[in-house]
Amino acid sequence: MVVPGAVGAGRVGSGAGGTNSPTVGGSCWDVNLKSLFRWRWEYQQHLLHHRFLSSGLVFFLCGLVLYGSIGMVYGWLMFNKPYVGAGGVVGLNSVGCQEDNEGSWSIGLFYGDSPFSLKPIETMNFWKNESAAWPVANPVITCASVSDSGFASNFVADPFLYVQGDTLYLFYETKNSITMQGDIGVAKSTDNGASWQQLGIALDEEWHLSYPYVFNHLDKIYMMPEGSSKGELRLYRAVNFPLQWTLEKILMKKPLVDSFIIKHDGEYWLFGSDHSGFGTKKNGQLEIWHSNSPLGPWKPHKKNPIYNIDRSLGARNGGRPFLYKGNLYRIGQDCGETYGHRVRVFKVEVLTKDDYKEVEVSMDFEEPKKGRNAWNGARYHHLDVQQLSSGKWIGVMDGDRVPSGDLVHRFFIGCASLAAVAAIVVVLGLLLGAVKCIIPLNWCAYYLGKRSDTLLVWERSNAFSSKVRRFCGRLNRAASSLRTKIRLNTWAGRLVLAAIFTVGIALTFTSIKYIYAGNGAEEPYPLKGSYSQFTLLTMTYDARLWNLKMYVKHYSRCSSVKEIVVVWNKGTPPKLSDLDSVVPVRIRVEKKNSLNNRFRKDDLIKTRAVLELDDDILMTCNDIERGFNVWRQHPDRIVGYYPRLISGTPLKYRGEKYARKHKGYNMILTGASFLDSKLAFEMYWGEEAKVGREMVDIHFNCEDVLLNYLYANASRSSTVEYVRPTWAIDTSKFSGAAISRDTQGHYKIRSNCLKKFSEIYGSLSHRKSEFDQ
């Protein structure tokens, strides 16, 4: 920031015609006016310095206000979350789910025929009807589900399963949002993990707890959580499973982290890491102990520490070990890029009191591809797999969408961007002449103003002070040189000025993004603690391939998109390799170019929810997720982003402005709307809609109008729901392949359709819904 110098009362070395004499006090903020009344101007500036602000400081403050205003508009347009329709968004608990520098961990469920072929629960097509989760999708437990049950949580992690017949119990670490320490929570499922009932806090001590390793021994259930901050490894026994536990024994007076006990070849083995020793590599150390009982006493392995290596090589335990085809496997953490980056699996080849050997094996686990829009897109560091009585395998894994320390990282980047904006304002002031120098002259080595003899003597004996003053002098001369070289009365000078101003805007946007906009993830919204997925369906043809490529690349990254179906109406379809997608894309080539193809029955669609979205509409993933959340609350309705009001005699088709002017709507355009794939497609291809479909083919228009009438004809209640998007862009305007160039002709055809459909299916006029905002 530019600091003004003090203004003195006298002048040094001034002659009768002198023009270069500095002002006492070293101020360089005053504008140099060549005028016969220079003394008057300097007197006024003198008063301004002492009573108000210098012109340079005023320019600096005004510049910051200007950039701040631009940043506020940008933040409001890009990151504001407007109203989403009746029922609203299911918000997070006001106490729980606060942004935490340790992360935003949640827990997902996986199934497979073996521990090496696990697939997420959404691929199993489990349905949970009471929450419109068709199908259920990961994560199955989050801080929101725990907080909503009455236990404020910032995140959940380190999951361990305990299987009792057909009932699954899930123990996990939950970080208390109030005490900011880890407790052990527990949930129960009786439907193979499709839904979970939060039972409460199983264990709460005065110190941090995590990694709740639960196991059975002689028909008793034990838990060995990590409590390294206590400096002990404690074993608890269930008194009243799963919520009441008592301390059974202190196994070891060592601050072990992420420990487990396994029985192998008739001996019990305890694996854990002690990061407190001198020379220990954090997250890269592993020790082993052995005993003839899980209660001890424990003897150290002869090769301890087994590992003291790079933290990326999986030494630290990452979950429960498991047996498969007679072999023992250990799960370790790769903490190389960030803490808990991913898990690695090792096959134990030798485990004796004298020796230990393991080799890494590959695991057929599909890496998340949606970045921060995936619940485990940044890291996953814990896995517990177990075999069910059916022979199938089940696994629970934690995941996070942001890397370790992300909150602090974003704060520093945001602050650095703000500092750079301030520097840009100073540079603009120098070029425009409002600021004469960067450093006040009385800081500089060649300042000619009055100084005390004591200060001068001190400066001569202080080399550092002299160096600082020389640096300040050079900096000011560089600023003067910049003003001389860039002349604003030329086109080149104006271009440089505009470029610097634009850089300032970009830096403002960066600071807003990192400080205000959060971690950059566009997350799904839970409904009754559950998540789901939908199929994205668009209809296009060869002239709009440019739109389609951008469309697929953008929307495939949205959290809840399961698959993209492209209805290809005309021309040669593209190759799948031409499309940049992180979800499966299926191109359905139609024999006839018809708008009715949009709602054709498709048995390959595996989700009840379908988002019909034109390929020339671009909006944020967050707007898509909000719309999906509203549809899940009203799956019997058309939920979309473009409202219309059909009224008047005769009926006339009008745009959204008319609907807003008359404060209501009774139709939603299906070119951007969520539908029930089974309900909508069967209704559209029923015998009752035959005449309507024929009109659609005649006019090559009105397919969305027809579906609105069919919905209204089939129900007496409200059939449409509006979701207001933050912003939406029509990309066809950039490609020159818009569907409807003649807006008036397009509206006229739709007015004719309204008249005909009203005669067949009845009026929509009485079904007016009001805008809530």
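Here the residue numbers are simple positions, counted from 1 along each chain's written sequence. Only residues with pLDDT of at least 70 get local features here, since the model is predicted, and only at 80 or more are side-chain atom pairs given and counted; chain-wide, interface and lining totals rely on the full set of residues. Side-chain measures were taken over the full set of non-hydrogen atoms in the model, leaving aside hydrogen atoms and water.

## Some points on the overall build of the protein
Under the DSSP-based scheme used, a helix requires at least four consecutive residues in state H or I and a strand at least two consecutive residues in state E, with every element numbered from the N terminus. The helix and strand tally for the protein stands at 15 helices and 34 strands. Summary of the burial criterion: residues with accessible area below 20% of their type's maximum are buried, those above 50% are exposed, and those between are partly exposed, where the area comes from a 1.4 Å probe applied to protein chains only. Looking at the 773 residues of the protein, the share that counts as buried comes to 53%. Within the protein, counting contacts between residues at least 6 apart in sequence, those at least 24 apart form 65% of the total. Here the open area of atoms and residues is found with the Shrake-Rupley method and a 1.4 Å probe, where only the protein chains shown may cover a residue. Carbon and sulfur atoms make up 55% of the accessible area of the protein, which amounts to about 35,800 Å² in all. When checking whether two residues touch, look at their non-hydrogen atoms; a contact exists if any pair is within 4.5 Å.

## Quick word on the sheet that holds strand β20 (residues 356-361)
The strand order β17-β18-β19-β20 describes an open sheet built from four strands, whose pairing is antiparallel. Looking at strand neighbours, the two that pair on one side only are β17 (322-324) and β20, the edges of this open sheet. In this sheet, adjacent strand axes meet at a mean angle of 40° when their direction is disregarded. Two strands make a pair as long as DSSP finds a minimum of two bridges between them. In the sheet, strand β18 (residues 327-334) pairs with strand β19 (residues 342-351) via seven bridges, with the strands oriented antiparallel. Helix axes use the C-alpha atoms of the stretch in contact, all axes being lines fitted to C-alpha atoms, and the angles between their N-to-C directions lie in the range 0 to 180 degrees.

## What to know about a positive patch on the surface
Taken together, Lys 467, Arg 470, Arg 474 and Arg 477 make up a surface patch of like positive charges. As for its placement among the helices and strands, Arg 474 is situated in helix α6 (residues 463-485). Distance thresholds for patches are 9 Å for like charges and 5 Å for nonpolar side chains (Val, Leu, Ile, Met, Phe, Trp, Tyr), applied to residues having over 30% relative accessible area and no salt bridge. Any carboxyl oxygen of Asp or Glu that lies within 4 Å of a side-chain nitrogen of Lys or Arg is treated as forming a salt bridge with it. We score Asp and Glu as negative and Lys and Arg as positive, and we do not count His or the chain ends. To locate a charge, take atom NZ for lysine, CZ for arginine, CG for aspartate or CD for glutamate.

## Considering the sheet that holds strand β24 (residues 534-540)
What links the strands of a sheet is backbone hydrogen bonding, and the strands pair in either a parallel or an antiparallel sense. With mixed pairing, the seven strands of this open sheet are ordered in space as β26-β25-β24-β27-β32-β29-β33. The open sheet has two free edges, formed respectively by β26 (585-589) and β33 (720-722), since each of these has just one partner strand. For this sheet, the mean angle separating the axes of adjacent strands, direction not counted, is 25°. As defined by bridge partners, strand β25 (residues 561-568) adjoins β26 across five bridges and the pair is classed as parallel.

## Topic: the environment of Pro 650
Take Pro 650: it is sitting in the loop between β30 (643-644) and α10 (656-661). When its relative accessible area of 67% is taken as the criterion, Pro 650 is described as exposed. Put simply, Pro 650 and Leu 754 are 104 residues apart on the chain and 9.4 Å apart in space, counted from C-alpha to C-alpha.

## Some remarks on the pairing of β19
As judged from the six bridges shared by β19 and β20, these two strands associate in the antiparallel manner. Bridge pairing in β20 places Phe 346 opposite Glu 360. What sits between β19 and β20 in their antiparallel hairpin is a turn of four residues.

## Things to note about the pattern of salt bridges
Going through the model one piece at a time under the given rule, you end up with 37 salt bridges. A salt bridge links Arg 234 to Glu 232; the shortest N-O distance between them is 2.8 Å. Each member of the pair, Arg 234 together with Glu 232, is buried. A salt bridge links Arg 544 to Asp 615; the nearest nitrogen and oxygen atoms lie 2.7 Å apart. Here the residue Arg 544 occupies a position in the loop between β24 and α8 (545-555), and Asp 615 occupies one in the loop between β27 (609-613) and β28 (617-619), the gap between them amounting to 71 residues. Put simply, Glu 563, Arg 586, Arg 588, Glu 590, Arg 600 and Asp 602 are held in one network by salt bridges that share partners.

## Re the confidence of the model for the protein
The predictor reports its confidence for every residue as pLDDT, a score running from 0 up to 100. On average, residues of the protein score 86 in pLDDT, and 85% of them are at 70 or above. For residues 1-37, every residue scores under 50 in pLDDT, and the model assigns this stretch 80 contacts once sequence neighbours within four places are set aside. Across residues 47-52, confidence stays below pLDDT 50; counting only partners more than four residues off in sequence or on other chains, it has 11 contacts.

## A word on α8
Among the residues making up α8, those that are buried are Asn 547, Leu 548, Tyr 551, Val 552 and Tyr 555. For α8, the arc enclosing every buried residue in end-on projection is 125°, short of the 170-degree limit, so these residues lie on one face. Throughout, the arc means the angular range of directions from the helix axis out to the C-beta atoms.

## Focus on the packing of aromatic side chains
Aromatic pairing here means that ring centres of Phe, Tyr or Trp (its six-membered ring) are within 6.5 Å. Orientation follows from the plane angle: under 30 degrees is stacked, over 60 is edge-to-face, and everything else is tilted. This model, assessed by the stated rule, comprises 41 aromatic pairs. The interplanar angle of 45° and the centroid separation of 6.3 Å between the aromatic rings of Tyr 213 and Phe 260 together place this pair among those described as tilted. Of the two residues, Tyr 213 is situated in strand β8 (residues 210-217) and Phe 260 in strand β12 (residues 256-264); the sequence distance between them amounts to 47 residues. Judged by its relative accessible area of 1%, Phe 260 is buried. Put simply, the rings of Phe 160, Tyr 211, Tyr 213, Phe 215, Tyr 222, Phe 260, Phe 271 and Tyr 356 pair up and form one aromatic cluster. Criterion for a charge above a ring: Arg CZ or Lys NZ at most 6 Å from the ring centre, at most 35 degrees from the ring normal. Over the aromatic face of Trp 491 sits the side chain of Arg 494, whose NZ or CZ is 5.3 Å from the ring centroid. When the ring centre of Tyr 658 is taken as origin, the NZ or CZ atom of Arg 654, which lies over that ring, is 4.2 Å away.

## Some thoughts on unusual backbone geometry
Each neighbour pair has its own omega, and for Asn 138 with Pro 139 the value is 0°, a cis peptide bond. Within the secondary structure layout, Pro 139 lies in the loop between β3 (136-137) and α3 (143-148). The backbone of Tyr 211 shows a phi angle near 45°, a positive value even though the residue is not glycine. With respect to the helices and strands, Tyr 211 occurs in strand β8.

## Remarks on the state of the cysteines
Note on disulfides: each one is a pair of cysteine sulfur atoms within 2.5 Å. A complete count under the given rule lists three disulfides for this structure. With its sulfur 2.2 Å from that of its partner, Cys 97 forms a disulfide with Cys 143. Between Cys 97 and Cys 143, the disulfide has an S-S torsion of 120° and is therefore right-handed. Within this pair, whereas Cys 97 is found in the loop between α2 (55-79) and β1 (106-112), its partner Cys 143 is found in helix α3, the two being separated by 46 residues in sequence. Cys 143 carries the same exposure label as Cys 97, and that label is buried. Note on cysteine connectivity: Cys 558 is disulfide-linked to Cys 621, with sulfurs 2.1 Å apart. On the sign convention where negative means left-handed, the S-S torsion of about -80° between Cys 558 and Cys 621 marks this disulfide as left-handed. With a gap of 63 residues between them, Cys 558 in the loop between α8 and β25 and Cys 621 in helix α9 (residues 621-633) connect regions that are remote in the sequence.

## Observations regarding helix α11 (residues 677-684)
All of the buried residues in α11 are Ser 677, Ala 680, Phe 681, Met 683 and Tyr 684. Seen end-on, α11 carries its buried residues on one side only, within an arc spanning 165°. Where α11 is buried, its residues touch β27, β32 (672-676), α12 (690-699) and α13 (703-714). Polar contact is the term for a pair of N or O atoms within 3.5 Å; when the atoms are in protein, one must be able to donate a hydrogen and the other to accept it, and sequence-neighboring residues count only if both atoms are side-chain atoms. The opening residue of α11 is Asp 676, an N-cap whose side-chain oxygen sits 3.0 Å from the backbone nitrogen of Lys 678.

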